[in-house]
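Chain and residue survey
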Amino acid sequence: MTTDPRAASEYRPRLLNEFDLEDNARLAELRADESIEFSDLRDLLRAEFDLLVAPPESAEGPESDRWVYFPWRRAVVAVLGPRHMRTLRLDRNRNNLTRTEQDTLARQVVGVVGQSVGHAVAHTLALEGSCGRLRLADFDTLELTNLNRVPGTLFDIGVNKAVVTARRIAELDPYLPVEIVTAPLGEASMDAFLDGLTLVVEECDSLDVKLAVREAARRHRLPLIMQSSDRGLLDIERFDLDPARLPFHGLLGGTTTADLRGLSTRDKAPHVIRILDGRKLSTRLAASMVEIGETLNSWPQLGGDVQLGGASVAAAVRRIGLAKPLPSGRTRMDLEDCLDDLTEPMAAPEKTWPPEQPASIDAVSGAPGSAERTRATDIAAVLHCAQLAPSGGNAQPWTLRADTHSITISLASERSSAMDIGFRGSALALGAAWYNARVAAAALGLLGPAELRPRAGIGSEGMPRADRFRPRGAGVGQGLPEESRVRAEVLLREPPGDPAPDTPPRGPHGGTAPWPPLEGVVSAQRGRTMPWLPADLWQGPDGGAVWIPPKSGPQVRLGGATPWNPVASAAPGVLDDAPVSRPDALRGGAESGLRVGGAALLTAEVQLGNCTDSVLARDYSSVLARHTNRRLGTGDPIPAEVLDTLAAAAIEGGGGLRWITGRAEIDSAAGILGEAERIRCLTPRLHQEMFAELRGPGDDLRTGLDVRTLELAPGEAAVLEIARRADVMGEIRSWAGGTALGRHTEDQVRSGSAVAVVTFAAPPPADPYELVAYARAGEALQRVWARAQRHGLAVQPVSPVFLYARRAEELHTVSPEFADTLTSLQGRFLDLLGVPGHETVALVLRLGYAAEVTVRSRRLPVPDAETRG
């Protein structure tokens, strides 16, 4: 390889280390020369480096700094070391190119033959950092007629074109190695030029050299790229993948380099037309071919087209360097055609939201006591109230069925999602709907027996109520007993007296068999015992039976809706100071327990009678008005007595409540929940399901989340259109990025006054009665939510991806890539809230004070009640 010695001394800068004796002496000589200008940029560059977001770790210190001497500029500049310089200069490449991709591209060695279009190519590659070494070739010198497309200056006229390119690159990146060849390339020197290259870009004018480069690239199995500025023509010849392919895609047939050597510009024209395909040349270039040698010296080129060529070649170099698909072939990037295709941008059609339906507790049948009420409207009101229960994504994972005797709520597994592991979230929602139905029935005087039925198993089994709830430290809620997994059954015998006319006696399972004698059955399961035993059995005048624990014992509830306070004795017929009414219509008796049976995974039933329950009924208006408030909170503290009453509500519902109120603790919880939300966005299935839940104008608002309920700021709403794109999430996932994806959740949680969890005792995963336990927890959730809103609190449920996972392998199913991270987040969150191993979290709540919501989610239509007997 022949190199011009004079040029070699003028195109490369000299890197000088002030800590090296020889280099320091050279610096002293340069400083003594008054014609040489010194400039120290290090302080400016360090200050800029310090502003970088997430810079990579680097061991490079001041000892790596260098003074750079540019002899053609007669200037010396002090800069940072090579790693800092590359990181800082290429930072704005991210994330079009990640740092890993930039490091990969830095291993490329690219040769560029011809320095007109080749100048634009080589400079663009250096500008983007798409190679780690450049080798440039051109034997010609720069002329004024070149300055219409070569970004040189008058000072460069008469200088070798390769030197001009190398100097410009050196002033951009003095650390990038650049080699030049200023002697003409031929068949004899081509192998030496290509040796050690990753790929070659051919941009010369000589047709024989063009062909020689291709033949050598075939031998070296190198990809070759060429850009012809007319209509943005880009040629890719992958000799690395197919060394047997013919040069120029076979368009020159059997033409040899000897056939092309020494041709005049006019004689080259026919070959150029064959290579470029005369049928697709621009009109002006095609016409100019006729004028070459007559009115034109050579074919015309424009500077903008040449710069576009540099960009298109650089894009191809990136693809090859990053091993992305790029076959042999050609394409055109015709800016004129693009400009011909200009169209006015069309704004997305403005969609209007339907008018809001005013929330009213009398939406179906009127308030209790209304003169407009009938039994049919009351049944419809119970269904309406059940339908208003909360559910993840407002999926309403239940079906409602009613007749004159009962309301049945069945789990609709087809409305589940990946986060609803084992249908636990669906069971929780069903339990909330079941509670709502009982509340409405109590308020409207329709209350009868209620039961939950899992599909598997036999017999009757119930989840226990609260026992030994005890404080777990300041600011922490109350938890569940460790040994509270029991089976309980209460049977109520047929009361004395004659049955009502035409009323068949009904047995404990809704049949016609008579009720057995009064008896109570409490049995331990899996070797566990009931911690409140011994307990006495108390019988009311109507044949009812309840468990009365010892006077010193805790509050106990078995299956029913109302807590029974510990008493030594009780006046018959008294329930929480409210009379117990058991009408003849329910002469068959009542059994409050959990039932096995039915085709659905879980079924809840409320038999309709004419009972009332003042404790249940007081929640009627609250569950009708219950809603999610995602508006940012004020952060004002919640009085301790309010938190205590919420804990009491959870206990009454058979669960527990734990909370944190310290600002540092809330911030920690916000970080954990925000990270879980990020993972949800970055897990393809979870991301798809999350955005499938969202509803906008024109969508069916009866299911899913009306986007207005998210209470997004205008800027956040605009970003939502980007966040819903799966391809965007895929890129962010590949970068291990996306911190901002959880920011909205973080901000919401941080603005709250407390983070709370509703907990309960659950059987082991896959136990037939696990879903029953989750359904029971739905009651505790509803009681807490209703009481919180009565105290003026804004309640927002938060469902991290790990919420319903009870085994590590379940998270591997939901989000394989992030399973370990989710397991860690779950552990940290449970530790933060002080949740012991024997308690299970039903739901996370953000509690606080916030402005009223603007919109509430709607519900599917309430099915017609069958009232015809």
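All chains use their own residue numbering, which begins from 1 and follows the written sequence. The predicted origin of the model limits local features to residues at a pLDDT of at least 70 and limits the giving and counting of side-chain atom pairs to 80 or more, whereas totals for whole chains, interfaces and linings rest on all residues. Note that the side-chain values use all heavy atoms of the structure and ignore hydrogens as well as water.

**Regarding the overall build of the protein**
The helix and strand labels rest on DSSP assignments: H or I over at least four residues marks a helix, E over at least two residues marks a strand, and numbering proceeds from the N terminus. Each helix and strand counted, the protein has 27 helices and 28 strands in total. Between two residues, a contact is recorded if the distance between any of their heavy atoms is within 4.5 Å. In the protein, the share of contacts with a sequence separation of at least 24, taken over all contacts with a separation of at least 6, comes to 74%. Surface accessibility of the protein: about 38,400 Å² in total, with carbon and sulfur atoms responsible for 53%. Note on areas: Shrake-Rupley, 1.4 Å probe, and residue coverage restricted to the protein chains presented here.

**Concerning the confidence of the model for the protein**
Scored by pLDDT, the protein has a mean of 82; 80% of the residues are at 70 or more. What pLDDT expresses is the predictor's confidence in each residue, scored from 0 to 100. The low-confidence segment residues 456-598 (pLDDT under 50) makes 330 contacts with residues lying over four places distant or belonging to another chain. In the predicted structure, residues 865-869 sits below a pLDDT of 50 and forms 12 contacts with residues beyond four places in sequence or in another chain.

**Quick look at the pattern of salt bridges**
The salt bridge criterion pairs a side-chain nitrogen of Lys or Arg with a carboxyl oxygen of Asp or Glu, the two atoms within 4 Å. Evaluation of the coordinates by the stated rule reveals 51 salt bridges. E179 is paired through a salt bridge with R135; the nearest N and O atoms lie 2.9 Å apart. Linking E179 in strand β7 (residues 178-181) with R135 in strand β6 (residues 133-137), this pair joins segments that are 44 residues apart in sequence. Only protein chains enter the accessibility calculation, which uses a 1.4 Å probe. A residue is then buried if its area is under 20% of the maximum for its type, exposed if over 50%, and partly exposed in between. Exposure remark for E179: the relative accessible area of 22% places this residue in the partly exposed category.

**Regarding the environment of V801**
Looking at the element boundaries, V801 is found in the loop between β27 (794-798) and α26 (808-814). Along the chain, V801 and E677 lie 124 residues apart, while their C-alpha atoms are 7.2 Å from each other. Non-local contacts of V801, meaning those with residues more than four positions away in its chain, are made with M419, A676, R680, L686, L811, V814 and L822.

**Topic: the packing of helix α20 (residues 663-682) against helix α24 (residues 743-750)**
Convention adopted: a line fitted to C-alpha atoms gives each axis, helices being fitted over their contacting stretch, and angles between N-to-C directions are expressed from 0 to 180 degrees. The contact between α20 and α24 brings their axes to 8 Å, and the two run at 155°. By the angle between their axes, α20 is roughly antiparallel relative to α24. Considering only the axes of α20 and α24, their crossing is right-handed. Every residue of α24 that contacts α20 at R663, I666, D667, A669, A670, G671, L673, G674 and E677 is listed here: T745, E746, V749 and R750. In terms of residue class, the contact of α20 with α24 is made up of 5 nonpolar, 3 polar and 5 charged. When an angle is under 35 degrees it counts as roughly parallel; over 145 it counts as roughly antiparallel; between 65 and 115 it counts as roughly perpendicular; any other value is oblique. Note: crossing handedness is left-handed where the near helix turns anticlockwise from the far helix by less than a right angle, and right-handed where it turns clockwise. As a working rule, the residues Ala, Val, Leu, Ile, Met, Phe, Trp, Tyr, Cys and Pro are called nonpolar, Asp, Glu, Lys and Arg charged, and the rest polar, with Gly in that last group.

**So, the packing of helix α8 (residues 187-194) against helix α9 (residues 207-220)**
For any two helices packed against each other, the geometry comes down to the angle between their axes and how far apart the axes lie. Where α8 contacts α9, the two axes come as close as 10 Å, and the packing angle between them is 50°. Judged on the interaxial angle alone, α9 and α8 are oblique. Remark: the crossing between α8 and α9 carries right-handed chirality. Counted together, E187, M190, D191 and L194 of α8 and V209, A212, V213, A216, A217, R219 and H220 of α9 form the full contact between these two elements.

**Quick notes on the environment of V784**
By secondary structure assignment, the location of V784 is in helix α25 (residues 770-790). Considered as a pair, V784 and V758 are 26 residues apart in the sequence and their alpha carbons are 8.3 Å apart. Those residues in contact with V784 that lie beyond four places of it in its chain are L646, A649, A650, L657 and L845.

**What about the packing of aromatic side chains?**
Under the pairing criterion, centres of Phe, Tyr and Trp rings, with the six-membered ring standing for Trp, must be within 6.5 Å; the plane angle then separates stacked pairs below 30 degrees from edge-to-face pairs above 60, leaving the rest tilted. Overall, the coordinates contain 5 aromatic pairs when judged by the stated rule. Ring geometry for F760 against Y774: centres 4.8 Å apart, planes inclined by 70°, an arrangement best described as edge-to-face. Taken as a pair, F760 in strand β26 (residues 754-760) and Y774 in helix α25 lie far apart in primary sequence, 14 residues in all. Between Y774 and Y804, the aromatic rings sit 6.2 Å apart at their centres with planes inclined by 65°, giving edge-to-face as the arrangement. Of this pair, Y774 sits in helix α25 while Y804 is found in the loop between β27 and α26, placing the two residues 30 residues apart along the sequence. With a relative accessible area of 10%, Y804 lands in the buried category. Each residue in the set F760, Y774 and Y804 is aromatic and connected to the rest through ring pairs, giving one cluster. By the criterion adopted, a ring carries a charge over it if an Arg CZ or a Lys NZ lies within 6 Å of its centre and within 35 degrees of its normal. The ring centre of W67 lies 5.1 Å from the NZ or CZ of R31, which sits over that ring. Just above the ring of W785 sits the side chain of R626; from NZ or CZ to the centre is 4.5 Å.

**Focus: the pairing of strand β3 (residues 66-70)**
Across the 5 residues of β3, 4 count as buried, placing the element largely inside the fold. Linkage of β3 to strand β4 (residues 75-79), two consecutive antiparallel strands, is achieved through a turn of 4 residues, within which R74 is found at a positive phi near 50°. One bridge is not enough; two strands pair if DSSP finds at least two bridges between them.

**A short note on the sheet that holds β3**
In spatial order, the strands read β1-β3-β4-β2; together these 4 strands make up an open sheet with mixed pairing. Edge positions in the sheet fall to β1 (14-16) and β2 (37-40), since each of these pairs with one other strand and no more. Neighbouring strand axes in the sheet, compared pairwise and without regard to direction, differ in orientation by 20° on average. Where β1 lies against β3, 3 bridges are found, and the strand directions are antiparallel. Residue pairing across strands places R14 opposite Y69, the latter belonging to β3.

**Considering the nonpolar core**
Take the buried residues of types Ala, Val, Leu, Ile, Met, Phe, Trp, Tyr and Cys, join any two whose side-chain atoms come within 4.5 Å, and each joined set is a nonpolar core. By size, the foremost hydrophobic cluster in this structure holds 120 residues, and its most contacted members are I409, Y620, L657, F829 and V844. Sorting elements by how many residues they give to this core places helix α16 (residues 424-443) first, with 14 residues. With sequence-adjacent residues up to four places away left out, F829 is seen in contact with A669, I672, L673, V755, V757, F802 and V844. Counting residues in hydrophobic clusters, the runner-up holds 35 residues, among them A126, C131, V150 and V201.

**Examining helix α21 (residues 684-692)**
All of the buried residues along α21 are L686, H687, E689, M690 and F691. As for α21, its buried residues are in contact with α20, β24 (694-695), α22 (714-723), α23 (726-734) and α26.

**Things to note about the side chain of D420**
Counting through the fold element by element, D420 comes out in the loop between β13 (406-411) and α16. Asp and Glu are treated as the negative residues and Lys and Arg as the positive ones, with His and the ends of the chain left uncounted. The side chain of D420 sits in the buried core without any salt bridge; R424 is the nearest counter-charge, 7.6 Å away. Residues adjacent in sequence count toward polar contacts only when both atoms are side-chain atoms; beyond that, a polar contact is any pair of N or O atoms within 3.5 Å, and within protein one must be able to donate a hydrogen and the other to accept it. At 2.7 Å, the side chain of D420 forms a polar contact with the side chain of S416. Not counting chain neighbours up to four residues away, the residues in contact with D420 comprise G425, S426 and Y804.

**Comments concerning the sheet that holds β27**
Spatially, 4 strands are ordered β23-β26-β28-β27 in an open sheet, and the strand pairing comes out antiparallel. Each edge of the sheet is formed by a strand with only one pairing partner; in this case those strands are β23 (656-660) and β27. Between one strand axis and the next, the sheet turns by 30° as a mean value, whatever way the strands run. Docked against the sheet, α25 engages β23, β26, β27 and β28 (840-848), running at close to 10° with respect to β28.

**Quick notes on the environment of R453**
Its place among the elements puts R453 in strand β14 (residues 450-454). Residue class for R453 comes out buried when judged on its relative accessible area of 15%. The sequence separation of R453 and Y769 amounts to 316 residues, and the corresponding C-alpha distance is 8.9 Å.

**Some thoughts on unusual backbone geometry**
Most peptide bonds are trans, and most residues other than glycine sit at a negative phi. Cis geometry marks the peptide bond from R94 to N95; its omega dihedral reads 0°. By secondary structure assignment, the location of N95 is in the loop between α4 (82-89) and α5 (99-105). Backbone geometry at Q396 places phi at a positive 50°, although glycine is not the residue there.

**Observations regarding the pairing of strand β9 (residues 223-228)**
β9 sits mainly inside the fold: 6 of its 6 residues count as buried. Burial along β9 is two-sided: the face carrying P223, I225 and Q227 and the face carrying L224, M226 and S228 are both buried. As defined by bridge partners, strand β8 (residues 199-202) adjoins β9 across 2 bridges and the pair is classed as parallel. Within β9, the position partnered with V200 by the bridge is L224. Looking at chain direction, β9 and strand β10 (residues 233-238) are connected through 6 bridges and run antiparallel. Each bridged residue has a counterpart across the sheet, and for I225 the counterpart in β10 is I236. Where β9 hands over to β10, the hairpin turn is made up of 4 residues, of which R231 adopts a positive phi near 55°.

**Examining a nonpolar patch on the surface**
A grouping of L144, L154 and I157 is seen on the molecular surface, where their side chains present a nonpolar patch of about 310 Å² in accessible area. With respect to the helices and strands, the residue L154 is situated in the loop between β6 and α7 (161-172). Patch definition: residues above 30% relative accessible area lacking any salt bridge, with like charges linked at up to 9 Å and the nonpolar side chains Val, Leu, Ile, Met, Phe, Trp and Tyr linked at up to 5 Å.

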